[in-house]
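Breakdown of the fold
Chain by chain, the residues:
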Amino acid sequence: MRFGRGVVIAGVHVEQRGNIPTSITAVLVGLDSTRELAVGSRDINADDAHGWQGVAHAIRELVVGLKAQLDARTRDELQASVDAADADFDPVLRERREQELAAFTPFELFGVGVEVGAPVFDGRIASIARTGGATRVDFHGFEEELQALFTDERNAITPVVIENDVNALAVLAIHEEHYAVPDLAVFGVFDEGVGGGLVLDGRLRRGGSGTAMEVGHLQVVHIPGTSGAIGSNGGAHQPAQGSPRTFSDPCECGRDGHVDTRATSSRIAGELGVSFEDALTLNTEKARVTFRSAGFALGRAIAHVSNIVNPTRIIVYLPAGLARPPKDEPTAAAEYCPAASAEVCAAFGNAGRERAQFLTYRPLTKEQTAPLCARAAAVCLLQGFIEHALRVDGCSFSTNRKADTAVRHDQYAVSKNP
Ligand SMILES: [Zn+2]
């Protein structure tokens, strides 16, 4: 009997535009290997989503549907193996496989990890005040609704853990390093924002209110004391929602000169006045300056983090066109990573280190992003249990240490999602 056989964890990635959910992707992974067993996604219709509570219902539907598919497929495979033994006239093998088929029970769902594009603290999503039109939809009630949907009529709870998207990637990174690297920093460059996740002494660090490593809002353009750096224009100059934003348009938070306004694919595209796909093919002087400047902004942010926490390893997830620009012909996009690396390597905190020793760029295509993030969310659920078992997560344990596992899971879930 293998550990964790027949048990799966669900991981869910919520695709967002600002605070607004647009689609969800779920994966089921085995508890033993965290290998992907099933994956599916669906769009969230803004009209019928009822904000984030609607997302909670969509998540439950998708996860339950995926598990039913996996159960049916596994059963079919067992049946097919019986038929195959039959066709081979192998009665001994047939009998063994028939026993396996008879012993088949549906997979057990161990828990659900969900990652979102917002800071998460103590299991709750902290909504950042936004100036740019995305405030109609908020996260209110999402956590409670989701946990309620994964609690059955007999009050048995399937635990739900919610995590920030880049924090989830950082947890996945230590998991994939087999917990051998005690500290690392992970950065993710997405369409509209740059996020970070920090692992120190083997544990994810969220900070005092869940907003640790919000590197997208680091000031990298204006000198402190100038109006751009200290002021907020209160969104007065925000372009209409949906229209392209250039380097000089304010950040989503209302301020100018933040990393998010420079290093992201949407800003590069906006600055060059073309789609990002088209921007990747350009090789004009303006395009080179733009990509270089974007790379410097990202590198400056990573340099700041390096000077403060000196991570052993730095992993940067980038749109594939930035991480692996085509080699056959020169393009401006090829300037992005070298510019970032130059800033990172020039950081005092990285003095004397060879880039290849500590800094890795990983390409992330649009198709890869959702399944990878969903799997990271599943690993977060597992990590939550590990930290709980090690008693380092601050959850209160039952005074009765012999309380059965189900009860502990209940308490765990309740205290994580009060
Ligand atoms: Zn900002």
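I will try to describe carefully the structure that is included in this document. (Residues numbered from 1 in each chain as written. Predicted model: local features only at pLDDT ≥ 70, side-chain atom pairs only at ≥ 80, totals over all residues. Heavy atoms only, no water.)

Thoughts on unusual backbone geometry
Positive phi, close to 70 degrees, is recorded for Asn-155, a residue that is not glycine. Here Asn-155 shows up in the loop between helix H3 (142–149) and strand S7 (160–164). In this structure Asn-155 comes out as exposed when scored by relative accessible area, which is 57%. Residues other than glycine seldom take positive phi values, yet Asn-310 does so here, at roughly 45 degrees. (Helix = DSSP H or I, 4+ residues; strand = E, 2+ residues; numbered from the N terminus. Buried < 20%, exposed > 50% of the residue type's maximum accessible area, 1.4 Å probe, protein only.)

Focus on the coordination of the zinc ion
Within the first shell, the zinc ion binds the protein through His-217 (ND1), Cys-251 (SG), Cys-253 (SG) and His-258 (ND1), at distances of 2.0 to 2.3 Å. For the zinc ion, the four donor atoms in the first shell make angles of 101 to 119 degrees at the metal, so the coordination geometry reads as tetrahedral. For the zinc ion, all donor residues lie on one chain, and their spacing in sequence is H-x33-C-x1-C-x4-H. Within this pair, whereas His-217 is found in the loop between strand S10 (203–204) and helix H5 (227–230), its partner Cys-253 is found in the loop between H5 and helix H6 (265–272), the two being separated by 36 residues in sequence. (Donors = N, O, S within 2.8 Å, 3.2 Å for Na, K, Ca; no water. Tetrahedral: all angles 85-135°; square planar, octahedral: opposite > 155°, others 65-115°.)

Let's talk about the pattern of salt bridges
It is possible for side chains bearing opposite charge to pair when their charged atoms get close. Counted under the stated rule, the structure contains 15 salt bridges. The shortest N-O distance in the salt bridge between Asp-71 and Lys-67 comes to 3.0 Å. On the criterion of helical spacing, the pair formed by Asp-71 and Lys-67 is a turn pair, its members being four residues apart in helix H1 (residues 51–87). A relative accessible area of 17% places Lys-67 in the buried class. Connected via shared salt-bridge partners are Arg-17, Asp-191 and Glu-192. (Salt bridge = Lys/Arg side-chain N within 4 Å of Asp/Glu carboxyl O.)

Remarks on the side chain of Ser-306
One can find Ser-306 in helix H8 (residues 285–309). For Ser-306, a relative accessible area of 1% translates into the label buried. Side-chain polar atoms of Ser-306 contact the side chain of Asn-350, separated by 3.0 Å. Ser-306 has contacts with Pro-311, Ile-314, Val-344, Ala-347, Gly-349 and Asn-350, leaving out every residue within four places of it along the chain. (Polar contact = N/O pair within 3.5 Å; in protein donor to acceptor, adjacent residues only side chain to side chain. Contact = heavy atoms within 4.5 Å.)

Without other data, these values stay purely geometric and don't point to any function.
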